Amino acid sequence: PDATYRSKAGRTHKGYCANFIEAVGEKGSVIIDYQYDVNTRSDASFIKEYLENAEVSEETSSLITDGAYAGEEASRLAAGKNMGLLTTGLLGRKPKEILGQFELDESGHRISSCPAGNVPKSSSYIKQTDTIRASFYRHQCEGCPYQSQCNPNIKKRTASLLIPLKSRRRILEPVEIMDEETRTLISRIRNGVETVPSILRNKYAVDKMPVRGKLKTKQFFGFKVAALNFSKLMRFTQGKLKCRSFEPA
Ligand code: SF4
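Residues numbered from 1 in each chain as written. Predicted model: local features only at pLDDT ≥ 70, side-chain atom pairs only at ≥ 80, totals over all residues. Heavy atoms only, no water.

Engineer: Mind laying out the overall build of the protein chain, listing which residues take part and the relevant values?
Structural biologist: Of the regular secondary structure elements, the protein chain holds eight helices and eleven strands. Within the protein chain, the fraction of its 249 residues that count as buried is 37%. Across the protein chain, the fraction of contacts at a sequence separation of at least 24, relative to all contacts at a separation of at least 6, is 52%. About 15,400 Å² of surface is accessible on the protein chain, with carbon and sulfur atoms providing 51% of the total. (Helix = DSSP H or I, 4+ residues; strand = E, 2+ residues; numbered from the N terminus. Buried < 20%, exposed > 50% of the residue type's maximum accessible area, 1.4 Å probe, protein only. Contact = heavy atoms within 4.5 Å. Areas by Shrake-Rupley, 256 points an atom, 1.4 Å probe, with all protein chains shown as cover.)

Set out below in structure tokens:
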């Protein structure tokens, strides 16, 4: 009765969705927390809830997720807990440095000033691509010392450019100070993020619950997560558990 319906990436889904927090160390991994709710809830709200409730980490740690969890707010909350939020999009080719010098207004969806300190004539947010389109007066961009880096599209009266927010976040986030070895390691861990849902689906049959309703299915889901952790523990004690992400290439 609590289950919801939604369409995602061209496929329809009915029921609930879950998120996991898996701690990965040199000797193995364990699921330390999970979230469970109706499937209409956004990934952004899951990570926000997790970060708001998380303790401030004594040692700086990395929270590695796929790109759906990226966002200014999530990165800010993570930084407040001494964590770096590293998403899939952050591990690709480095974007243009100049993007980090565009200031956003409070909404995070409009440019308040460009690297030269100019306020755009207009600025609009394109939700589908998470990009801001900013338009300046032609005389502002033409001959500007940053023109070659911004590469605006100069027209008769105006000059416009696109600022992809995902790329801007990459420039502003600490991942760029990482060396190549650390980046490779993180990419490997990221590639293993899908493993837990896949095991829970295929081995622990989480898609088929013997009960109904959010509360009861959440409890059953928790049992299955505990069973997976127990299996990891058994393998670890038998010397079998390996976290391939940490194996040298
Ligand atoms: S080229 Fe245009 S957008 Fe870029 S810094 Fe100069 S004035 Fe601003």
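What follows picks up the thread again.
Engineer: Break down the side chain of Ser123 for me, citing the residues and quoting the values.
Structural biologist: Along the polypeptide, Ser123 turns up in strand E8 (residues 122-126). Reaching out from Ser123, the side chain makes a polar contact with the backbone nitrogen of Ile111 at a distance of 3.0 Å. With near-sequence residues (within four places) excluded, Ser123 lies in contact with His109, Arg110, Ile111, Ile132, Arg133 and Ala134. (Polar contact = N/O pair within 3.5 Å; in protein donor to acceptor, adjacent residues only side chain to side chain.)

Engineer: Before we move on, could you go through the pairing of E8 and cite the residues and values that matter?
Structural biologist: Bridging between E8 and strand E9 (residues 131-137) involves five bridges; their strand directions are antiparallel. Residue pairing across strands places Ser124 opposite Arg133, the latter belonging to E9. If you look at the hairpin formed by E8 and E9, you'll find four residues sitting between the two strands, and Asp130 has a positive phi there, around 50°. (Pairing = 2+ DSSP bridges.)

Engineer: Explain the sheet that holds E8 to me, and be specific about the residues and the numbers.
Structural biologist: The four strands are arranged E8-E9-E11-E10 in an open sheet whose pairing can be described as antiparallel. Each having just a single partner strand, E8 and strand E10 (153-154) make up the two edges of the open sheet. The sheet strands contacting helix H5 (residues 165-172) are E8, E9 and strand E11 (158-164), and the helix crosses E11 at an angle near 65°. (Axes fitted to C-alpha atoms, helices over the stretch in contact; angles between N-to-C directions.)

Engineer: Got a sec to walk through the packing of aromatic side chains? Specific residues and values, please.
Structural biologist: Remark: the centre distance and the inter-plane angle together describe each pair of aromatic rings, the angle taken between the planes. Throughout the structure, instances matching the rule amount to five aromatic pairs. Seen in terms of ring centroids, Tyr16 and Tyr36 are 5.4 Å apart; in terms of plane orientation they differ by 25°. Their pairing is stacked. With Tyr16 in strand E2 (residues 11-25) and Tyr36 in strand E3 (residues 28-38), this pair connects stretches of sequence that are 20 residues apart. The class of Tyr16 is partly exposed, set by a relative accessible area of 22%. For the ring pair Phe20 and Phe221, a centre distance of 5.8 Å and an interplane angle of 25° mean the geometry is stacked. With Phe20 in strand E2 and Phe221 in helix H8 (residues 214-237), this pair connects stretches of sequence that are 201 residues apart. Three or more aromatic residues joined by ring pairs form one cluster here, namely Tyr16, Phe20, Tyr34, Tyr36 and Phe221. A cation over an aromatic ring shows up here: Arg41 above the ring of Phe46, its NZ or CZ 4.2 Å from the ring centre. (Phe/Tyr/Trp six-rings, centres within 6.5 Å; stacked < 30°, edge-to-face > 60°. Lys NZ or Arg CZ within 6 Å of the ring centre and 35° of its normal.)

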